[in-house]
Amino acid sequence: MGDYDHRSIEAKWQRFWEERRLFYAPRDARRPKYYILPFLPYPSGDLHMGHMRNYTIGDAVARCKRAQGFNVFHPIGWDAFGLPAENAAMVHKTHPRTWTLKNIARMKEQLRLFGFGYDWEAEVSTCEPEYYRWNQWFFLEMLKRGLAYRKKSRVNWCPRCQTVLANEQVVEGCCWRHEETPVEQRELEQWFLKITHYAEELLADLDKLAEGWPERIRLMQRNWIGKSDGARVQWAVAGSDKLITTFSTRLDTAYGAVAVLLAPEHPLVNELIAGLPGSAAIARKVGVLRQQTRRAQVTGEVEKEGIFTGRFAANPFSGDQVPIWVSNLVLMEYGTGAVQAVPAHDQRDFEFAKKYRLPIKVVIQPLATKPLAASAMQQAFTGPGRLVDSGPYTGMPSEKALEKMMDDLARKGRAEPVTLYRIKDWGISRQRYWGTPIPVVYCNACGIVPVPEEQLPVVLPLEVEFTGVGLSPLLNVPEFINTSCPKCRGKARRETDTMDTFIDSSWYFYRYLSPHHDTAPFDPDLVRRWFPIDQYIGGAEHAVLHLIYLRFWTKMMRDLGLVDHDLAVTRLFNQGMVIKDGAKMSKSRGNVVSTDEMVEKYGADTARLFTLFAAPPEKDMEWTQAGVEGCQRFLQRLWRVISKHAPRLRPVSPNPASRPSPLGEDERDLLRKAHQTARRVTTDFDSRWHFNTSIAAIMELVNELYALEPLEETVSPPVLKEVFDMAVLLTAPFAPHLAEELWQQLGHPQSVLETPWPQTDPELAREEECEIVIQVNGRVRSRIRVSEELPDSEVLEQALADPRVAGLINSQRIAKTVVVPKKLVNIVLAS
RNA sequence: GCGGAAGUGGCGGAAUUGGCAGACGCACAGGACUUAGGAUCCUGUGGCCGCGAGGCCGUGUGGGUUCGACUCCCACCUUCCGCACCA
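Residues numbered from 1 in each chain as written. Chains lettered and ligands numbered in written order. Predicted model: local features only at pLDDT ≥ 70, side-chain atom pairs only at ≥ 80, totals over all residues. Heavy atoms only, no water.

Enquirer: In this structure, what is going on with the overall build of chain A? I would like to understand it.
Expert: Across its full length, chain A holds 27 helices and 32 strands. The principal-axis extents of the C-alpha atoms in chain A amount to approximately 105 × 90 × 45 Å. Buried positions account for 54% of the 831 residues belonging to chain A. Long-range pairs, those at least 24 residues apart, make up 72% of the contacts in chain A between residues at least 6 apart in sequence. If you average the places of the 104 positive and of the 104 negative side-chain charges in chain A, the two averages end up 5 Å apart. (Helix = DSSP H or I, 4+ residues; strand = E, 2+ residues; numbered from the N terminus. Buried < 20%, exposed > 50% of the residue type's maximum accessible area, 1.4 Å probe, protein only. Contact = heavy atoms within 4.5 Å. Lys, Arg positive; Asp, Glu negative; His and termini not counted. Charge placed at Lys NZ, Arg CZ, Asp CG, Glu CD.)

Below, the structure is given as structure tokens:
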């Protein structure tokens with residue numbers, strides 16, 4: 001037996017798997033399918049530990065499912081468009097395409113060296129015209145149905161990316177790629193996808209995902225969609241025919257309104273203050289408020305302030321005239337940009353009222369606690385209660401009043417019920433080069449004209465210059481820009497914005513099934529056969545980005561008649577982060593461990609094993625060198641014990657029929673341990689994915705093998721072979737190369753990949769004896785070993801007869817006894 | 001502020017349903033083998049007291065339920081994550 005040499009073993013089996021095409025999933029097989037998928041990686045050029053962890057989890061599950069008889073489809077591809085390629089092009093004087101393809105080649109090699117079992121025949125690169133032409137096709141379909149539209153609006157602009165960002169790509173007022181760079185607001189003409197059309201459905205479906213999606217993600221999405229039921233209410237401006245429309249979810253507090261507040265950007269502001277005494281000063285103040293960035297307002301960098309316009313509006317219920325203020329408390333982007341201010345029952349209004357000495361009018365009294373007095377209030381009361389001082393509604397419970405007041409005002413045509421969502425339509429225009437061209441042209445005569453479907457793809461020109469300054473390089477490509485109008489043949493200009501790359505990743509998993517299909521985005525028969533995806537695996541950072549977009553895309557495709565399902569992903573798994581020295585591994589922190597070095601020095605099997613052993617996969621894991629070495633030690637131990645005995649076991653059949661009868665003691669113990677291990681590992685795969693405990697179980701089995709050495713003396717070859725086979729097959733999802741090598745040493749002609757998952761024999765796994773803990777007054781005082789079958793009464797008898805226990809009981813009266821079968825006896829003494 | 005997750009030896013973690021707390025690994029200590037050991041194998045290893053048998057304490061803190069609580073209930077503390085003027 002030679003030493004365990006991970007280099008030669010891993011290379012050997014990687015070649016073997018490739019040559020035999022062992023990871024190809026026959027698309028039309030009759031076996032039950034299992035579609036397992038990692039998030040689409042961005043080809044940054046280096047496989048990092050986060051990727052590695054993601055893929056190790058998926059590959060272990062894929063290999064186990066495969067052994068359990070499933071037709072496993074486990075593809076991967078490349079999120080190949082995106083800004084980093086463009087930045088790299090400027091820095092390294094290369095082309096984004098060259099840079100991207102080189103990175104893909106390198107990362108593919110890295111994946112290969114880890115031995116991940118992907119079906120490479122499904123590979124997709126989103127930067128290929130063959131792929132992105134379908135982005136364009138989808139866009140045109142959406143355009144036809146009004147799901148894509150163009151409008152001028154205030155959008156998020158990242159000065160470093162030099163492009164627009166979707167709301168989902170803004171994190172705490174900053175760019176998701178540049179967390180220190182505040183996002184600016186710009187007024188631009190942009191293309192939008194109408195994700196809000198599906199807001200209600202996307203929200204409702206979260207309940208259907210309760211089984212398979214993490215609670216955390218569903219909650220984040222629920223907040224993001226942000227449904228809110230309320231009413232639009234009209235307030236008549238005194239001395240004018242203007243109406244102000246407010247939005248409120250608490251119409252029941254309307255009698256407590258002491259002001260109407262307008263957002264500084266509200267379109268009526270200028271009109272209202274025009275011509276009033278002091279209007280110049282008011283306008284100046286409004287101007288200051290308008291200058292404040294959204295970020296400054298949200299983070300509290302600027303104070304909440306406001307200014308009285310000098311005008312009044314009539315409360316639609318009471319007719320009371322209340323002052324109209326302009327305040328940065330109110331956001332133009334949400335609701336109607338105008339609100340009723342009810343200091344007694346809204347905390348923000350309360351603080352505003354205190355600051356400007358507005359009255360506080362209590363109109364809801366709590367049911368349980370003592371009545372509120374406006375003068376004594378320290379904060380707003382926002383709970384439900386009974387109405388007071390509210391005209392005809394006085395005395396009603398607030399929930400009921402809300403409905404009644406809504407109805408009454410609606411009947412008068414002064415209010416309408418409305419449901420608002422926080423989610424906004426998805427802005428997809430990017431002023432960048434390396435992305436999918438948006439397939440429209442601008443014609444002076446015809447306006448916006450979609451590129452006809454048969455002219456797709458609109459190919460991204462490769463001959464461009466990267467100056468690094470200004471806007472998209474596409475603006476300097478006249479051959480691309482100048483075109484003729486598909487309608488009137490006249491001169492026209494192409495759209496130079498490209499699509500957000502989150503579009504690429506919204507549907508790639510459909511394309512995997514037929515990556516070269518050229519009459520539709522995918523082959524519908526294959527999609528019917530393989531969808532939904534059984535298991536999706538990736539990090540939580542995409543909770544309200546990719547994971548909400550993909551749900552939208554499936555709905556849209558359903559409405560296009562392309563698929564007949566609502567949900568593309570039934571189960572989602574979020575793996576934890578990889579931590580080193582107490583912080584997330586990242587280049588900027590300088591605590592990155594290179595995956596290449598890991599493979600080179602310790603081997604892919606060791607790296608994979610450690611990744612799964614260090615922590616359960618959903619939790620963050622700490623990467624430690626010592627831990628990696630421990631895992632390598634374990635693989636060496638496994639290697640040594642099996643290699644040592646393998647030569648004489650090669651011809652031996654592990655058939656249960658050839659076991660000696662009766663079994664010797666060591667044989668029984670070993671078989672029991674092996675079958676218990678198989679049961680534990682199988683349970684971990686089938687239920688909770690806690691592979692750290694699976695691996696611990698296999699380690700225990702190996703420890704047992706060492707403890708019984710020399711094995712040849714007390715364990716007959718058929719039994720030893722059976723136990724070794726089991727140990728190897730159970731290890732295979734975690735350390736597949738080593739498993740193949742040992743499997744071959746044990747004389748098996750076929751690959752582990754062609755071998756079914758080991759079956760647990762419950763009879764062999766059964767313990768014959770168990771240890772019973774004997775407690776006296778809840779404290780462990782002794783232990784006895786008894787047969788599993790011994791009835792409770794006899795267990796109790798033996799416990800009472802135990803000398804130590806008997807001594808403790810002495811002559812005291814026994815108040816109570818508890819017997820837990822196979823576990824414990826508790827004797828409670830009367831005190 | 002709101003919502004979520006978590007808190008167990010020197011460290012990573014285990015305890016599937018209220019029933020032996022600390023599996024497995026790391027680190028450390030002792031031993032065997034050895035010219036040597038940073039290889040391998042074996043043994044030990046939560047804290048305190050005790051020569052020992054053994055005893056006491058111990059799962060963030062304080063209460064509670066129970067024969068019995070890491071596990072269930074109440075209150076609180078800490079950490080991480082997400083959301084945060086959403087009217």
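From this point on, the discussion continues.
Enquirer: How do you make sense of the packing of helix α18 (residues 604-613) against helix α21 (residues 691-707) when you look at a structure like this?
Expert: A pair of packed helices can be characterised by two numbers: the angle between their axes and the separation between those axes. Two elements in contact, α18 and α21, have axes whose closest approach is 7 Å; the angle formed by their N-to-C orientations is 115°. Between α18 and α21, the residues in contact are L609, L612 and F613 and F691, N692, I695, A696 and M699, respectively. Classifying every residue of the contact of α18 with α21 gives seven nonpolar, one polar and no charged. (Axes fitted to C-alpha atoms, helices over the stretch in contact; angles between N-to-C directions. Nonpolar A, V, L, I, M, F, W, Y, C, P; charged D, E, K, R; others polar.)

Enquirer: Explanation requested: the protein's contact with RNA strand B in the structure shown.
Expert: Residues in close proximity to RNA strand B total 50 residues, the closest being T249, K304, R348, R779 and R783. Put simply, 67% of the atoms of RNA strand B that lie within 4 Å of the protein are in sugar or phosphate. Here a sugar or linking oxygen of RNA strand B sits 3.3 Å away from a polar atom, N or O, in the main chain of L329. One of the side-chain nitrogen or oxygen atoms of N692 is found 3.1 Å away from a phosphate oxygen of RNA strand B. Among the elements that line the surface near RNA strand B, the one with the most residues is α21, at seven residues. (Near = heavy atom within 4 Å. Polar contact = N/O pair within 3.5 Å; in protein donor to acceptor, adjacent residues only side chain to side chain.)

Enquirer: Explain the packing of α18 against helix α24 (residues 736-745) here, please?
Expert: Taken N-terminus to C-terminus, the directions of α18 and α24 make an angle of 120°; their axes are 7 Å apart at the nearest point. Classified by the angle between their axes, α18 and α24 sit oblique to one another. Packed against α18, whose contacting residues are A604, D605 and R608, the element α24 presents P736, H737 and L738 at the interface. Looking at side-chain class alone, the contact of α18 with α24 contains three nonpolar, one polar and two charged residues. (Parallel < 35°, antiparallel > 145°, perpendicular 65-115°, else oblique.)

Enquirer: Please explain the domain arrangement of chain A as it appears in this structure.
Expert: Here the domain parsing of chain A yields domain 1 (33-144 + 198-218 + 427-575), domain 2 (227-421), domain 3 (612-620 + 639-765) and domain 4 (769-829). Relative to domain 4, the C-alpha centre of domain 3 lies at a distance of 36 Å. (Domains from an automatic or database assignment.)

Enquirer: What should I look at first to understand the nonpolar core in this one?
Expert: Taken as a class, soluble globular proteins show a tendency for nonpolar side chains to be buried jointly. In terms of nonpolar packing, the biggest core is built from 190 residues, with W426, F509, W553 and W623 touching the most fellow members. Residue contributions to this core peak at ten residues, all from helix α19 (residues 625-649). Composition of this core by domain shows at least three residues from each of domain 1 (33-144 + 198-218 + 427-575) and domain 3 (612-620 + 639-765). Sequence-distant contacts of W553, that is, excluding residues within four places in its chain, are made with F138, M142, L193, W426, I503, S506 and W507. Residues L251, V322, A338 and M406 belong to the second largest nonpolar core, which totals 43 residues. (Core = buried A, V, L, I, M, F, W, Y, C linked by side-chain atoms within 4.5 Å.)

Enquirer: Hey, could you run me through the pairing of strand β24 (residues 535-538) in this one?
Expert: Along any regular strand the residues' side chains alternate between the sheet's two faces. Where burial is concerned, the two faces of β24 agree: the one with Q535 and I537 and the one with Y536 and G538 are both buried. With three bridges connecting them, β24 and strand β25 (residues 572-574) associate as parallel partners. Note on β25: the bridge partner recorded for Y536 is L572. In the classification by handedness, the crossover that spans β24, the intervening helix α16 (residues 546-559) and the parallel β25 is right-handed. (Pairing = 2+ DSSP bridges. Right-handed = clockwise from strand over helix to strand, strands pointing away.)

Enquirer: What am I meant to see in the packing of aromatic side chains here?
Expert: In this description, a pair of aromatic rings is defined by centroid distance and the angle of the planes. The final tally for this structure, using the stated rule, is 53 aromatic pairs. The interplanar angle of 70° and the centroid separation of 5.7 Å between the aromatic rings of W134 and W137 together place this pair among those described as edge-to-face. Of this pair, W134 and W137 both sit in helix α5 (residues 129-144), three residues apart, which is roughly one turn of the helix. Arranged with centres 4.8 Å apart and planes meeting at 45°, the rings of F685 and F691 form a pair that is tilted. Note on F685: relative accessible area 5%, which makes it buried. Of the aromatic side chains, those joined through ring pairs into one cluster are Y35, F39, F73, Y508, F509, Y510, Y512, F522, W530, F531 and Y536. Taking NZ or CZ as reference, R21 lies 4.2 Å from the ring centre of Y24, over its face. (Phe/Tyr/Trp six-rings, centres within 6.5 Å; stacked < 30°, edge-to-face > 60°. Lys NZ or Arg CZ within 6 Å of the ring centre and 35° of its normal.)

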